[in-house]
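Coordinates in review
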Amino acid sequence: MTHLDELKNYVIAHARSQGMPPEHSAAILARIHDDDSWVREWSAEGDRLAAGDQPLEANAHYIMARFPYADGPARQEAAARSRAVFDRWRAGFPAIRPLEGPAPGWTVGLDDPTPRPLLVLTGGIISVKEQWAAVLPQLDALGFAGIVTEMPRVGENPVPYDADAWRFFPALLDAVEGRADTGRTYLLALSFSGHLALRAALHDDRIRGVVGAGAPLHHFFTDESWQARVPGITTETLAHLAGTDPGKVYPLIRDWALTPEELSALRVPVAHVTSLRDEIIPPADAALLRERVSGVRVLEHDDVHGAPSSFAQTRLWTLLSVLRIHGGYAPQRVALTKEFSKLRYAS
């Protein structure tokens, strides 16, 4: 599979997560024949939507244009356009404000007279904060303080992606201490940021629960035979974030693995979405999660990494999991459960 083929293959899950119909993204991908046309075609559609006063939809296309990371002027320009149109969209939601902390982000519900429980949302090695920040009005309506940011070295996050990258989460809580009830913090950490979130939960008792999807745990970092099968785009992106060459990244990150003993030591509720045909995260990691994490709740999809065909289910289930862990919210939980069941068990 060529580099361009991999880009086309792995952008699908991210396009679906942004609400793009498969036929729409397929039509754009059909016009792409090289790396230059990748940025040009996605950006052109973003420009069209921005001119039509559809800033959130335009934002999604600019995010696809900078995929998988901003490695040069063209992708950097696409990332800048994404942030600009997101700013246009959030003008209609004055409660959404910039984060002042160890990395840029977007927030709601800080500085409430009665400090609110805190939900922190982070994506993986490819996802920028503008991809997820549209959930903030929903968190505000539920009575949470919310932060959407990026995992270390992704997007605008300047924190190094290294063995201590998990410390980003405690630093984030320190930055908003007193502005939210950080003693009731829940981390919704997707893909590779889930690995950092679980390690942070071992060290910071302000974290009261971790919900994730497709997180590497142990075998991804240590199994050389599996690493040889990992898609090149994932390996290259990891190397970019870690500041090394693709041929050196797996020896570098080997010691970042969570040990079985560390997983057994987790004392907070954990919920996790796993894909049965995940080509990035080895099935041994999902098995280890079930074996070692007490009381873990798992949602399985018969899908590839990111479960693009089941994104709506994942979104409902992860939010429902946060509400279950927090407690209360009975009417909202009933409504979400009914909606999830319709998607999950429809014939």
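Look above for the structure.
Report on the accompanying structure. (Residues numbered from 1 in each chain as written. Predicted model: local features only at pLDDT ≥ 70, side-chain atom pairs only at ≥ 80, totals over all residues. Heavy atoms only, no water.)

1. Re helix H7 (residues 168–175)
- All buried positions along H7 are accounted for by Phe 168, Phe 169, Pro 170, Leu 172 and Leu 173.
- The inward-facing, buried residues of H7 abut strand E3 (117–122), strand E4 (145–149), strand E5 (181–190), helix H8 (192–203) and strand E6 (207–213). (Buried < 20%, exposed > 50% of the residue type's maximum accessible area, 1.4 Å probe, protein only. Helix = DSSP H or I, 4+ residues; strand = E, 2+ residues; numbered from the N terminus. Contact = heavy atoms within 4.5 Å.)

2. Let's talk about empty space enclosed by the protein
- Scanning the entire structure with this criterion turns up one cavity of 30 Å³ or more.
- Reported here for the largest cavity is a volume of approximately 40 Å³.
- Gly 194, Leu 198, Val 210, Val 211, Gly 212, Ala 215, Val 270, Ala 271, His 272 and Leu 289 are the residues that line the largest cavity.
- Put simply, the parts of the chain that give the lining of the largest cavity at least two residues each are H8, E6 and strand E7 (270–275).
- Here the residues of the lining of the largest cavity sort into seven nonpolar, three polar and no charged. (1 Å grid on protein atoms, 1.4 Å probe; cavity = no way out; pocket = protein on both sides within 12 Å on 5 of 7 lines; lining within 4 Å. Points joined across faces, edges and corners; volume = space filled by probe spheres on them. Nonpolar A, V, L, I, M, F, W, Y, C, P; charged D, E, K, R; others polar.)

3. Here we look at the pairing of strand E2 (residues 105–108)
- Of the two faces of E2, both are covered, the one formed by Gly 105 and Thr 107 as well as the one formed by Trp 106 and Val 108.
- The hairpin formed by strand E1 (residues 97–98) and E2 contains six residues between the paired strands.
- Across four bridges, the pairing between E2 and E4 is antiparallel. Looking at the pairing, Gly 105 lines up with Thr 149 of E4. (Pairing = 2+ DSSP bridges.)

4. Comments concerning the sheet that holds E7
- Spatial ordering of the open sheet is given by E1-E2-E4-E3-E5-E6-E7-E8, a layout of eight strands whose pairing is mixed. Among the strands making up the open sheet, the edge pair consists of E1 and strand E8 (297–301).
- The pairing of E7 with E8 spans five bridges and is parallel. When the sheet's bridge partners are listed, Val 273 is paired in E8 with Leu 299.

5. Quick notes on the pairing of E7
- Taking burial as the measure, the six residues of E7 include six buried ones, the bulk of the element.
- Of the two faces of E7, the one holding Val 270, His 272 and Thr 274 and the one holding Ala 271, Val 273 and Ser 275 are both buried throughout.
- Where E6 lies against E7, four bridges are found, and the strand directions are parallel. By the bridge assignment, Val 211 is partnered in E7 with Ala 271.
- As for the winding sense of the linkage, the β-α-β connection from E7 through helix H14 (residues 283–292) to E8 is right-handed. (Right-handed = clockwise from strand over helix to strand, strands pointing away.)

6. Notes on the packing of aromatic side chains
- Inspection of every chain in the model, using the stated rule, returns 13 aromatic pairs.
- Centre to centre, the rings of Trp 89 and Phe 93 are 4.6 Å apart; their planes meet at 35°, and the pair counts as tilted.
- You can call Trp 89 buried: its relative accessible area is 15%.
- By relative accessible area, Phe 93 is classed as partly exposed at 32%.
- With a centroid separation of 5.5 Å and an interplanar angle of 90°, the aromatic rings of Phe 220 and Phe 221 are classed as edge-to-face. Like Phe 220, the residue Phe 221 is buried in the burial classification.
- Grouping aromatic residues by their ring pairs yields a cluster made of Phe 86, Trp 89, Phe 93 and Trp 106. (Phe/Tyr/Trp six-rings, centres within 6.5 Å; stacked < 30°, edge-to-face > 60°.)

7. Quick look at the layout of surface pockets
- For the second largest pocket, the calculated volume is near 250 Å³.
- Lining the second largest pocket are 20 residues, with Arg 66, Ala 70, Ala 79, Gly 155 and Glu 156 sitting closest to its centre.
- The set of elements that each furnish at least two residues to the lining of the second largest pocket consists of helix H5 (73–90) and helix H11 (232–242).
- Per element, the largest residue contribution to the lining of the second largest pocket is four residues, and it comes from H5.
- Partitioned by chemical class, the residues of the lining of the second largest pocket number nine nonpolar, four polar and seven charged.

8. What to know about H11
- Of all 11 residues that make up H11, eight are buried, and the element is covered over most of its length.
- For H11, the set of buried residues is Ile 233, Thr 234, Thr 235, Thr 237, Leu 238, Ala 239, Leu 241 and Ala 242.
- In the core, the buried residues of H11 are packed alongside helix H1 (3–17), H8, helix H9 (219–222) and helix H12 (249–253).
- Where H11 ends, the next residue or the one after it, Gly 243, has phi of about 70°, a positive value.

9. Quick notes on the nonpolar core
- With 76 residues, the main nonpolar core has Trp 38, Trp 42, Tyr 161, Phe 192 and Phe 220 as its most contacted residues.
- No other element matches the six residues that H8 contributes to this core.
- Grouped together as the second largest cluster of nonpolar side chains are 33 residues, Phe 86, Leu 139, Ala 271 and Leu 323 included. (Core = buried A, V, L, I, M, F, W, Y, C linked by side-chain atoms within 4.5 Å.)

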